[in-house]
Amino acid sequence: MLTDYHVHLRPDDAGTPASEYFTQANADRYRAVAEQRGIAELGVSEHIHRFEQALDVWDHPFWRTSATDDLDAYCEFVRERTDLRLGIEADFVPGREDRMATLLDAREWDYVVGSVHFLRDAAVDMRGDWDVWRSGDPDRVWVRYFETLGEAARTGMFDILAHPDLVKVWGGEAPRPEGDLRRFYELAIDGIAESGVTIEVSTAGLRKPVAEIYPAPAFLELCLEVGCPVTLSSDAHVPEHLGHEYERAVDWLSGLGVTELAVFEGRQRRLEPIG
Ligand SMILES: [Zn+2]
Ligand SMILES: [Zn+2]
């Protein structure tokens, strides 16, 4: 069994309205590519910041410009008009846990993917006004990122921890700490261990400047040591990216002794052998 759960039905660019992408024909395109690539468990997890209801949680200027769609219409579309699992990619916004929980608990997800994209108002993976790297000292940014990731896990609000070392996204195009990076991973590991959250292995990093799978081998090894189950995703924003470089990821996982993947339904997790 192969999974792809961290999937977006549309690119992040402007001019990609729900009306054009939340259609049965588009869902069918994703399903067809998934079938070709042997991915039986397929789900979607749209960015929460694209929905009006997200502004009840946080009013970051980037969210204010993005929040144009209706979250319940998305849920209804996926449930009524597709055979896809229903997920959401939700940010961890420190201090807004209650508001996020209220939003999430009101809807019947198959799974919630939790992400750390922001450190306070600064984004780790976005160029422009919000780029943390405009002034970031790499050691400080990495410390804050991994502390925040551990806190995100500890909230228990998320089933899956997305792209766990996203902070590396720019590779050599952003400042990067020197030496053994485990000193950063260790800042997150207690929260991860206590929460029992599922760790996402994401091939999306292979399409980014860093050109590596998320998470780094040394980080995944720490997560496996504390007993985390693993889910496999591509973070596709177009059908062609579904299952991107999965052969490489599956080989890597089998080399680490990972033989099962986490599968979700109604926020219940079970483990299935990797197909
Ligand atoms: Zn993300
Ligand atoms: Zn995503």
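Residues numbered from 1 in each chain as written. Chains lettered and ligands numbered in written order. Predicted model: local features only at pLDDT ≥ 70, side-chain atom pairs only at ≥ 80, totals over all residues. Heavy atoms only, no water.

## Side note on the coordination of the zinc ion (ligand 1)
Rules: Any N, O or S atom lying within 2.8 Å of the metal counts as a donor, with the limit raised to 3.2 Å for Na, K and Ca; because water is left out of the atom set, some sites can appear incomplete. Only DSSP runs of H or I with at least four residues qualify as helices, and only runs of E with at least two residues qualify as strands; both kinds are numbered from the N terminus onward.
Bound to the zinc ion (ligand 1) are the protein donor atoms Glu89 (OE), His117 (NE2) and His163 (NE2), situated 2.1 to 2.2 Å from the metal. In the primary sequence, the donor residues of the zinc ion (ligand 1) line up as E-x27-H-x45-H. Taken as a pair, the zinc ion (ligand 1) and the zinc ion (ligand 2) lie 3.6 Å from each other and share glutamate 89 as a ligand. In this pair, histidine 117 sits in the loop between strand E4 (111-115) and strand E5 (118-119) while histidine 163 sits in the loop between strand E7 (160-161) and helix H7 (182-195), placing the two residues 46 residues apart along the sequence.

## Structural notes on the coordination of the zinc ion (ligand 2)
The test is simple: Tetrahedral means four donors with every angle between 85 and 135 degrees, whereas square planar (four donors) and octahedral (six donors) require angles over 155 degrees between opposite donors and between 65 and 115 for all others; sites fitting neither are termed irregular.
All of the protein donors around the zinc ion (ligand 2) are His6 (NE2), His8 (NE2), Glu89 (OE) and Asp235 (OD); their distances to the metal are 2.1 to 2.4 Å. Of note is the zinc ion (ligand 2), whose four donor atoms meet at the metal with angles of 82 to 163° in an arrangement that counts as irregular. Between consecutive donors of the zinc ion (ligand 2), the numbers of intervening residues give the motif H-x1-H-x80-E-x145-D.

## Some details on the sheet that holds E4
Paired through their backbone hydrogen bonds, the strands of a sheet run either parallel or antiparallel. Definition in use: The rule for pairing is simple: two strands pair if DSSP sees at least two bridges between them.
In spatial order, the strands read E1-E2-E3-E4-E7-E8-E9; together these seven strands make up an open sheet with parallel pairing. In this open sheet, the two edge strands, each paired with only one partner strand, are strand E1 (3-4) and strand E9 (230-233). For strand E2 (residues 41-47) and strand E3 (residues 85-91), the ladder comprises five bridges, and the chain directions are parallel. Bridged to glutamate 46 within E3 is isoleucine 88.

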